[in-house]
Amino acid sequence: QTPERNGVEPEQQSQRRNYEPEPQSSEPNRTESEPDVLEKAQARIAQLEDGWRRTAAELDNFRKRCAKDLVRAREQERVRTTAAWLPVVDNLERALEHASSDPDQIIEGVRAVYQQALSVLADLGFPRRDDTGKVFDPALHEAVGTIANKELVPGTVAHVVRPGYGPDDEILRPAAVVVATRSD
């Protein structure tokens, strides 16, 4: 192109060429040789593989530690639960030792042991449920029969055959109940 076409005088073009950046260093531009690059890449790969292997080993150790902790926690809970029942067993043994004495005292002793057992269940987080008169809920109750009665509200628990244990959100055993129905 001619200088007139791009609107720049020839003198200005030569000045622009003088302002182009020069290489920063006076040394010749040196590129790394292929063997150096290869060695660095192999060293980096070895470093990354080592890090990966160490991380995998740490994860494996963590899994093993968690498994041991779980076994230990289960054992501790088993021991705690068993220890909670020992006084109940002790009191039953005492009741059996006095089986030949007054029957009224034996009945009183068995009732005391029964209350103690209920207390242990409640302390373990599974209190006995009193569901008589409550609305039947299949998540909390197991219907074993029905009864037609004008005095009872249909769909409510008329009678508990076998009590249930545990709070609403964690039932150990549902209550076996007789459910009230409409009387015809």
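Everything below is about the structure printed above this text.
Below is a short write-up of the structure. (Residues numbered from 1 in each chain as written. Predicted model: local features only at pLDDT ≥ 70, side-chain atom pairs only at ≥ 80, totals over all residues. Heavy atoms only, no water.)

1. Some details on the overall build of the protein
This is how it is decided: Labels follow the DSSP assignment, with helices taken as runs of H or I lasting at least four residues and strands as runs of E lasting at least two, numbered in each case from the N terminus. Any two residues whose heavy atoms approach within 4.5 Å at even a single point are treated as in contact.
Along the backbone of the protein there are 4 helices and 3 strands. Secondary structure elements of the protein occur, N-terminal to C-terminal, as α-α-α-α-β-β-β. Within the protein, contacts between residues separated by at least 24 positions form 59% of all contacts whose residues are at least 6 apart in sequence.

2. Some points on the packing of helix 3 (residues 34-97) against helix 4 (residues 103-123)
Heads up, the condition is: Helix axes are fitted only over the stretch in contact, all axes being lines through C-alpha atoms; the angle between N-to-C directions runs from 0 to 180 degrees. Angular relationships are summarised with four words: roughly parallel below 35 degrees, roughly antiparallel beyond 145, roughly perpendicular across 65 to 115, and oblique for the angles in between. Polar here means any residue other than Ala, Val, Leu, Ile, Met, Phe, Trp, Tyr, Cys and Pro, which are nonpolar, and Asp, Glu, Lys and Arg, which are charged; Gly is therefore polar.
At their nearest, the axes of helix 3 and helix 4 sit 9 Å apart, and the two run at 175 degrees to each other. Considering their axes alone, helix 3 and helix 4 lie roughly antiparallel with respect to each other. Together, Ala84, Trp85, Pro87, Val88, Asn91 and Leu92 of helix 3 and Val113, Gln116, Ala117, Val120 and Leu121 of helix 4 make up the contact between the two elements. A breakdown of the residues in the contact of helix 3 with helix 4 according to their chemical character gives 9 nonpolar, 2 polar and no charged.

3. Details of the pairing of strand 3 (residues 175-181)
Going by this rule: Residue burial is assigned from relative accessible area. The probe radius is 1.4 Å, only protein chains are included, and a residue is buried under 20% of its type maximum, exposed over 50%, and partly exposed in between. Note on pairing: DSSP must find at least two bridges between two strands before they are called paired.
Burial within strand 3 is extensive, with 6 of its 7 residues counted as buried. In this sheet, strand 3 lies alongside strand 1 (residues 141-148) in parallel orientation, the contact comprising 7 bridges. Directly across from Ala148, in strand 3, lies its bridge partner Thr181. Alignment of strand 2 (residues 157-162) against strand 3, held across 4 bridges, turns out to be antiparallel.

4. Here we look at the side chain of His141
In plain terms, the rule: Polar contact is defined as a pair of N or O atoms within 3.5 Å, subject to the rule that within protein one atom must be able to donate a hydrogen and the other to accept it, and that residues adjacent in sequence are counted only when both atoms are side-chain atoms.
Summarising the element assignment, His141 is placed in strand 1. Given the relative accessible area of 4%, His141 is considered buried. Among the polar contacts listed, one links the side chain of His141 to the side chain of Asp131, at a separation of 3.4 Å. Excluding anything up to four places from it in sequence, His141 contacts Asp131, Val135, Phe136, Val157, Pro174, Ala175 and Val177.

5. Some remarks on the pattern of salt bridges
Charged atoms that come close allow side chains of opposite charge to pair. This is how the line gets drawn: We define a salt bridge as a contact between a side-chain nitrogen of Lys or Arg and a carboxyl oxygen of Asp or Glu at a distance within 4 Å.
For the coordinates displayed, the defined rule picks out 8 salt bridges. For Lys64, the salt bridge goes to Asp60, with nearest N and O atoms at 3.3 Å. On the criterion of helical spacing, the pair formed by Lys64 and Asp60 is a turn pair, its members being 4 residues apart in helix 3. For Arg72, the salt bridge identified is with Asp69, shortest N-O distance 2.9 Å. Note that Arg72 and Asp69 are positioned in helix 3 at a spacing of 3 residues, about one turn of the helix. Through salt bridges with shared partners, one network takes in Arg129, Asp131 and Asp168.

6. Comments concerning the environment of Pro163
Positionally, Pro163 belongs in the loop between strand 2 and strand 3. Along the backbone, Pro163 and Pro174 are 11 residues apart, and their C-alpha atoms lie at a distance of 7.4 Å.

7. With respect to helix 4
Here is the rule we go by: Multiplying one less than the number of residues by 1.5 Å gives the expected span of a helix. The arc under discussion is defined with respect to the helix axis, by the directions toward the C-beta atoms.
An ideal rise of 1.5 Å per residue puts 30 Å on 21 residues; helix 4 measures up with 30 Å between its terminal C-alpha atoms. Looking at helix 4, one finds that the buried residues are Val113, Ala117, Leu118, Val120 and Leu121. Buried residues along helix 4 cover an arc of 155 degrees about the axis, so they all sit on one side. The exposed residues of helix 4 that point more than 90 degrees off its buried face are Asp104, Gln105, Glu108, Arg111 and Asp123. On its buried side, helix 4 packs onto helix 3.

8. Regarding the environment of Gly166
By secondary structure assignment, the location of Gly166 is in the loop between strand 2 and strand 3. The sequence separation of Gly166 and Gly125 amounts to 41 residues, and the corresponding C-alpha distance is 6.6 Å. Excluding anything up to four places from it in sequence, Gly166 contacts Gly125, Phe126, Pro127, Arg129, Ile171 and Leu172.

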